[in-house]
Amino acid sequence: QPARTRGWLEALGRGKFKPGEWTAIPTDDTGTPALRQVVVGVENASSIWAYASLPGSLPAGRSYRLSVVGASAGAREATAAALSWALGSYEYDFLKTSVVPRRVQPARPTLLWPAECDRAAVARAATATYLCRDLITTPCEQLGPADLERAARDLAALHTGATVTAVTGDALLSANFPMIHAVGRAAGAGREPRLVELRWGRAGAPKVALVGKGVMFDTGGLDIKPSAAMLTMKKDMGGAAHALGLASMVMSSGLDISLRVLLPIVENSISGCAFRPGDVLVARNGVTTEIGNTDAEGRLILADALVYASEEAPELIIDMATLTGASRVALGADVPSIFSNDDALARELQRLSRDEQDQVWHLPLWEGYRKQLTGCVADLKNVGAGAYGGAITAALYLREFVGSRALKKRAARGGGGEGGVGVGAAAERAEDEDEDEEAGGAPAAGPQWLHMDVMAYNQASSPGRPEGGEAMGMRAFFALLQQRYGGGPPVAP
């Protein structure tokens, strides 16, 4: 620091700063005092939260240039600083009538792009995070099933070649998405269940499928939640929001993949036609599930979508869901759990999440718990036994609907019911894979699968992380896709 700056700080008794604290330094001239410099306390210049408090606390109407003192200031620090500022600039005030319109507010403080900053990476991550936060924070009254479909269409309109289709209401039955229909059929007119599909990318490129749980509001169904547990259930579509956010990052970066985003969208409502405890529902592949609890509905709609994703034999299937409280008990609210049929892939994602400061944690698909899902009057139950291991049993349930395991069962049942599509070649591939395994040879390559169980919500505000919807693990998943399909490792913030 210049001697004059040190002198000012010493005179003010500010030799040390806590993280986020700042002091203004005036100009050198003897005229009207003016702001020349702001000194900010930073614990870790590489942290994406280091500067997140500043957009809301520094004098407005000014632009600031970053100069890191006492630490390296390369591309990593520059990119982290810009992303930190962007995340700290986020506000959700669309529904507040007392807020001064932004067009007449003083201009917010801005950060000039730091030298060596990866501007594209910052813009990509900030845009996707804002989208994810906006969707999750918006109440269900303003964001119903049709509105989330519209959000997918709006996103597709921003990217050349992206298309969106939807199957809605009773058409889900003829299109063979019976569990999506069963879970969502109790909602009122205009809030019908649907399966929304977004496609983008080059034909012939590696296929990647993203599946996002879109429960717009979860009452628990006939196994109704207590009021305290229901209060934040607008966030139960957080998996779909994450899938759209990740799709935004993929399309903005131009990764060479054939992307398919599947959003099963419902409201888990209560009415005379709601599905019931003890009912047996039939999935897209014909597998039957005995309902032990109507509040375990997310895995049911994901099952139909995962079978549908498997039919095109993608290289990789990623599903994202606000699925269980058990995952929060295990890891807390800030760290999503991940499960995979490929432990090496899960470990790599966990490593990248640390580098991206977007931590996820690998939990096991423990086979010892699989027997808890064996049904009494059906193939499966949708809940495990007892209060323990719920995140694992939920993941084990989803695994039944992924890849060759799901398609073999479908083939054995002749397609899983009227209206089934895409059975032939995919089912034959599934049978071939299982024959290879039974013969003792190396199993044929099936789709790799990653499942994320995420909170998707900040319960209290902190710098850069306001109370409300939050993107968790999304940047880590993008880093994995970028490393795999983007021609090199990502530049981590």
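Everything that follows concerns the structure shown earlier in this document.
Residues numbered from 1 in each chain as written. Predicted model: local features only at pLDDT ≥ 70, side-chain atom pairs only at ≥ 80, totals over all residues. Heavy atoms only, no water.

Description of the overall build of the protein
At step 1: Within the protein one finds 15 helices and 18 strands.
At step 2: Here the protein holds 493 residues, and 51% of them are scored as buried.
At step 3: Put simply, of all contacts in the protein between residues at least 6 apart along the chain, 75% involve residues at least 24 apart.
At step 4: Just so you have it, the protein exposes about 20,800 Å², and 53% of that area is on carbon and sulfur atoms. (Helix = DSSP H or I, 4+ residues; strand = E, 2+ residues; numbered from the N terminus. Buried < 20%, exposed > 50% of the residue type's maximum accessible area, 1.4 Å probe, protein only. Contact = heavy atoms within 4.5 Å. Areas by Shrake-Rupley, 256 points an atom, 1.4 Å probe, with all protein chains shown as cover.)

Overview of the sheet that holds strand E10 (residues 280-282)
At step 1: With mixed pairing, the three strands of this open sheet are ordered in space as E10-E11-E15. Either end of the sheet is taken by a strand with one partner, and the two such strands are E10 and strand E15 (380-381).
At step 2: Relative to strand E11 (residues 288-290), E10 runs antiparallel, the two sharing three bridges. Paired with valine 280 across the bridge in E11 is glutamate 290. (Pairing = 2+ DSSP bridges.)

Describing the pairing of strand E6 (residues 194-201)
At step 1: Within E6, six of the eight residues are buried, which leaves it mostly tucked inside the rest of the structure.
At step 2: One ladder, built from six bridges, connects strand E5 (residues 163-168) with E6; its direction is antiparallel. What sits directly across from alanine 166, in E6, is valine 196.
At step 3: As paired elements, E6 and strand E9 (residues 258-268) share eight bridges and run antiparallel to each other. Across the sheet, leucine 195 pairs through a bridge with proline 264, a residue of E9.

A look at the environment of proline 139
At step 1: With respect to the helices, strands and loops of the structure, proline 139 is situated in the loop between helix H3 (119-137) and helix H4 (145-157).
At step 2: When its relative accessible area of 25% is taken as the criterion, proline 139 is described as partly exposed.
At step 3: With 78 residues separating them in the primary sequence, proline 139 and phenylalanine 217 have C-alpha atoms 8.8 Å apart.
At step 4: For proline 139, the contacting residues outside a window of four places in its chain are Tyr92, Leu95 and Lys234.

By themselves these figures say nothing about function.
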